[in-house]
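# Architecture and fold: a report
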Number of protein chains: 2
Amino acid sequence: MPDKANSLTIGGLAKAANVHVETIRYYQRRRLVPEPERPPGGIRRYGPADIERLMFVKTAQQLGFSLVEISDLLQLEDGAHCQEASALAEHKLRDVREKIDQLGRIEKVLGEMVEQCHAHPDNITCPLIASLHEGGNGGNDQRERT
Amino acid sequence: MPDKANSLTIGGLAKAANVHVETIRYYQRRRLVPEPERPPGGIRRYGPADIERLMFVKTAQQLGFSLVEISDLLQLEDGAHCQEASALAEHKLRDVREKIDQLGRIEKVLGEMVEQCHAHPDNITCPLIASLHEGGNGGNDQRERT
DNA sequence: ATTACTTCCGTAGTCAGCTACGGAGTCAAG
DNA sequence: CTTGACTCCGTAGCTGACTACGGAAGTAAT
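Predicted, not measured: the structure shown is a model, and the values here were computed from it.

## Some words on the protein's contact with DNA strand D
- Around DNA strand D sit 21 residues in total, of which Tyr27(A), Gln61(A), Thr9(B), Gly11(B) and Arg44(B) are the nearest.
- Backbone sugar and phosphate groups make up 78% of those atoms of DNA strand D lying within 4 Å of the protein.
- Interatomic distance of 2.8 Å between a backbone N/O atom of Gly11(B) and a phosphate oxygen of DNA strand D.
- Contributing elements (two or more residues each) for the surface near DNA strand D: helix H2 (21-29) and helix H3 (48-62) of chain A together with helix H1 (10-17) of chain B.
- The greatest single-element share of the surface near DNA strand D, amounting to four residues, is contributed by H2(A).
- Its residues placed into classes, the surface near DNA strand D shows six nonpolar, eight polar and seven charged.

See the structure below:
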């Protein structure tokens, strides 16, 4: 595993990945990110790979994954045995596709709403809730109300 | 907004929406879901619209929205004035599209991984982290890849 | 080699989002 | 008209994910 230039201290890493130092330590305790060797009586150093990993954790969180789930995903990144890995990957893939699907429905309805608002600026409602269980149908329902 | 048959007690509603009774009460306190009138010295009744609303909250949570954000989204559902509503909708639309984009990248890499595993079942790693900033879209975030 | 800033590490506190508890009231069934 | 399940309501406790605190020790610039 190549670290090009592990030159950052934990403070620099935190700045680079846009998280707090204490968050990094917390993730180290949780084994979400590796804790590099401490040179005898010295200070740990970090590199670009650590920045990436932290940013991945943050992004995955925004997508609704818990730290436990993220740790699963990172096991795939880190290389696991194929059998278990592929089972996990397939499971996560279903999760991800469902999320994409639901977000797609929300996107559609929000988009329609914005258009409607531009078209005639009255009061308007947005059938967001209904969007989530509209069957695979791509039906264009544009219900409006004043 | 017509409720066809508001016949459920809070317990039935909880079962129907697959949440705990106490969660419903909590959401009522937070004004995420309405608290129906209590008939003098009686018990509140709920209908299908309440089930839908609860399920929407749960789904949105799994997609990474906080309860505050969900309450914003529900304001759109409930009908707000066009000007503010459309600003909010546009903002949320950007959020949603970004989430879809990121999930799409993760999906792609997970999918590839599953295939690879089926192809030759050795140890394998999955460039999940890198997937999130693979160019091709969105534009303004760059970091050179090796 | 003194000063000012970090790092390190452990423990404790915070905030969001529930979840449990307890006592009084309601209601359908027997 | 009692029993047992459930509702109502307030308050307290819990879990996940941080965030803050404090003291010793490392490090960089003067």
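Here the narrative resumes.
## Quick word on the protein's contact with DNA strand C
- Lining the immediate surroundings of DNA strand C are 20 residues, of which Thr9(A), Gly11(A), Arg44(A), Tyr27(B) and Gln61(B) lie closest.
- In DNA strand C, atoms within 4 Å of the protein come from the sugar-phosphate backbone in 78% of cases.
- Contact distances for DNA strand C include 3.1 Å between a sugar or linking oxygen and a side-chain N or O atom of Arg38(A).
- Between a phosphate oxygen of DNA strand C and a main-chain N or O atom of Gly41(B), the distance comes to 3.2 Å.
- Among the secondary structure elements, those contributing two or more residues to the surface near DNA strand C are helix H1 (10-17) of chain A together with helix H2 (21-29) and helix H3 (48-62) of chain B.

## As for the interface of chain B and chain A
- Every contact between the two is made by 51 residues of chain B and, on the other side, 51 residues of chain A.
- Summing the contributions of chain B and of chain A, the shared interface buries around 4600 Å²; its carbon and sulfur component is 73%.
- Put simply, chain B and chain A have two salt bridges between them.
- With its nearest N and O atoms 2.6 Å apart, the salt bridge here joins Glu107(B) to Arg97(A).
- Where chain B packs against chain A, one counts eight residue pairs in polar contact (both at pLDDT 80 or more).
- Of all elements in the fold, only H3, helix H4 (67-78), helix H5 (82-119) and helix H6 (128-131) of chain B reach the threshold of two or more residues within the side of chain B that touches chain A.
- Residue contributions to the side of chain B that touches chain A peak at 22 residues, all from H5(B).
- Here the residues of the side of chain B that touches chain A sort into 26 nonpolar, 14 polar and eleven charged.

Cut-offs used in this document
- Residues numbered from 1 in each chain as written.
- Chains lettered and ligands numbered in written order.
- Predicted model: local features only at pLDDT ≥ 70, side-chain atom pairs only at ≥ 80, totals over all residues.
- Heavy atoms only, no water.
- Near = heavy atom within 4 Å.
- Polar contact = N/O pair within 3.5 Å; in protein donor to acceptor, adjacent residues only side chain to side chain.
- Helix = DSSP H or I, 4+ residues; strand = E, 2+ residues; numbered from the N terminus.
- Nonpolar A, V, L, I, M, F, W, Y, C, P; charged D, E, K, R; others polar.
- Contact = heavy atoms within 4.5 Å.
- Buried area = accessible area lost by both parts, 1.4 Å probe.
- Salt bridge = Lys/Arg side-chain N within 4 Å of Asp/Glu carboxyl O.

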